[in-house]
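An overview of the molecular structure
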Amino acid sequence: MVRGRFAPSPTGRMHLGNVWAALLSWLSVRSQGGSWLLRIEDNDPQRSRQAWADLLMQDLEWLGLTWDDGPFYQSARSAFYEAYLERLVGQGLVYPCYCTRADILATQAPHESDGRVVYKGTCRPKDSFATLDALPSDAALRMRVPTGAQSLIGFEDGHYGCQTVNLEQACGDFIVRRKDGAWAYQLAVVVDDALMGVNEVVRGRDLLLSSPQQIYLARTLGFVAPRFSHVPLLLNEAGQRLSKRDRSTHMEALRRQYTANEILGRLAFWAGLTDRVQALSAEELIPLFDWNKIPREDISVG
Ligand code: GLU
């Protein structure tokens, strides 16, 4: 049985780009008779707010994007992340890092346009640490990626096809726990997808480059990685991925102007599921869903 998920970070009101990713994930799962869960990725205590999570759920309900399981809050799942971190430490893969900027960004999913730097191994020690207790608590923790040929991770994206990424060149050793103890996105997402039985991940293609990291982490922890299918991005008039800054596409503004079915119908048209813009409910879109119709190029909505 297919099990998909929507995993938003409650750091602002949902915008059209979030709804787009949620809708395509929901339709993919529903068209296969699978189940869909909701996970609130509130792993950064400084940026996450319960009020945003509440609005997010209200918006999903208003749109008719129903979930079968959850909401699961990452903030309540520390014990799981810690247990799996212990395993990585036991494999000699974790070391402390005192470099700062990347540490701050680690809880957020690394969207492609965010301009992240590749970590060159500044703090990488020769020796390894055998237990979590042996690691300093005032440092970020990084996980080693393999070097040489083993650094190549290949996978078949459900929509963008065959991908091969060299982890050493694409990201380098990555953060699994922030200096202040917050769990990094990569570790939390892999542990959660595995423990929650998620076997299909549909999300924006700006997270395509996170997939090899997640596959590597999943394999190292003995999990089977989910199947990833990335979708094109919605772009604003400046050609940038829609973000929380594009206020006109926030659900607050959209709900004042349109009905739920008008919004979904517009998204379905952009997804190539209909040949003209018409108001359609989420349920009505299920039989129309077809991966072959979804474009691969990003879509300008500005
Ligand atoms: N929580 C992430 C975000 O909102 C998405 C994670 C994912 O889909 O893997 O950017």
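Below you will find a few notes about this structure. (Residues numbered from 1 in each chain as written. Predicted model: local features only at pLDDT ≥ 70, side-chain atom pairs only at ≥ 80, totals over all residues. Heavy atoms only, no water.)

Some remarks on the overall build of the protein
Looking only at helices and strands, one finds ten helices and twelve strands in the protein. In terms of overall size, the protein behaves like a compact globule, its C-alpha atoms giving a radius of gyration of 19 Å where 302 residues would be expected to give roughly 19 Å. Dimensions of the protein along its principal axes, counting C-alpha atoms only, are 60 × 40 × 40 Å. For the protein, the proportion of its 302 residues judged to be buried stands at 56%. For the protein, the exposed area adds up to about 13400 Å²; of that, 49% sits on carbon and sulfur atoms. If the 33 positive side-chain charges of the protein are averaged to one point and the 35 negative ones to another, these points end up 3 Å apart. (Helix = DSSP H or I, 4+ residues; strand = E, 2+ residues; numbered from the N terminus. Rg over C-alpha atoms; globule rule 2.2 N^0.38 Å. Buried < 20%, exposed > 50% of the residue type's maximum accessible area, 1.4 Å probe, protein only. Areas by Shrake-Rupley, 256 points an atom, 1.4 Å probe, with all protein chains shown as cover. Lys, Arg positive; Asp, Glu negative; His and termini not counted. Charge placed at Lys NZ, Arg CZ, Asp CG, Glu CD.)

Observations concerning the site of the ligand
Around the ligand, the structure places R5, A7, S9, E41, A109, H111, Y185, V189, R203 and L207. S9 is positioned such that a nitrogen or oxygen atom in its side chain is 3.0 Å from a nitrogen atom of the ligand. For the ligand, whose accessible area on its own is 300 Å², the fraction buried by protein is 86%. A per-class count over the shell around the ligand returns five nonpolar, two polar and three charged. (Near = heavy atom within 4 Å. Polar contact = N/O pair within 3.5 Å; in protein donor to acceptor, adjacent residues only side chain to side chain. Nonpolar A, V, L, I, M, F, W, Y, C, P; charged D, E, K, R; others polar.)

A look at the sheet that holds strand β2 (residues 35–40)
One open sheet holds the three strands; their spatial order is β1-β2-β3, and the pairing between them is parallel. The open sheet has two edge strands with one neighbour each: β1 (3–6) and β3 (69–73). When the angles between neighbouring strand axes are averaged without regard to direction, this sheet yields 25°. By the bridge criterion, three bridges tie β2 to β3 in an arrangement that is parallel. Along β3, the bridge assignment pairs I40 with Y73. Along the sheet, helix α1 (residues 16–31) contacts β1 and β2; its crossing angle with β2, the most-contacted strand, is approximately 150°. In this fold helix α2 (residues 50–63) packs onto β1, β2 and β3, with an angle of close to 160° to the strand it touches most, β3. (Pairing = 2+ DSSP bridges. Axes fitted to C-alpha atoms, helices over the stretch in contact; angles between N-to-C directions. Contact = heavy atoms within 4.5 Å.)

Quick look at helix α7 (residues 210–220)
Counting buried residues along α7, ten of its eleven residues qualify, which places the element largely inside the surrounding structure. Just downstream of α7 lies G222, where phi reads positive at about 80°.

Focus: the sheet that holds strand β8 (residues 174–177)
Spatially, three strands are ordered β4-β5-β8 in an open sheet, and the strand pairing comes out antiparallel. Of all the strands in the sheet, just β4 (94–97) and β8 have a single pairing partner and so form its edges. Ignoring strand direction, the axes of neighbouring strands in this sheet form an average angle of 45°.

Some words on the packing of aromatic side chains
We describe a pair of aromatic rings using the distance from one ring centre to the other and the angle between the two ring planes. According to the stated counting rule, one finds six aromatic pairs in the structure shown. For the pair F289 and W291, a centre-to-centre distance of 5.6 Å together with 80° between the ring planes defines the contact as edge-to-face. A cation sits over an aromatic face here: R142 above Y119, 3.3 Å from the ring centre. (Phe/Tyr/Trp six-rings, centres within 6.5 Å; stacked < 30°, edge-to-face > 60°. Lys NZ or Arg CZ within 6 Å of the ring centre and 35° of its normal.)

Side note on the pattern of salt bridges
Applying the stated rule across the entire model yields 15 salt bridges. Across the pair D193 and R5 runs a salt bridge whose closest N-O atoms are separated by 3.0 Å. Residue D193 is found in helix α6 (residues 185–195), and its partner R5 is found in strand β1; the two are separated by 188 residues along the sequence. Comparing D193 with R5, the two get one shared label, buried. In this structure, R124 engages D173 in a salt bridge whose closest nitrogen and oxygen atoms are separated by 2.9 Å. Here the residue R124 occupies a position in the loop between α4 (101–105) and β5 (140–143), and D173 occupies one in the loop between α5 (167–170) and β8, the gap between them amounting to 49 residues. The exposure class assigned to D173 is buried, which follows from its relative accessible area of 5%. (Salt bridge = Lys/Arg side-chain N within 4 Å of Asp/Glu carboxyl O.)

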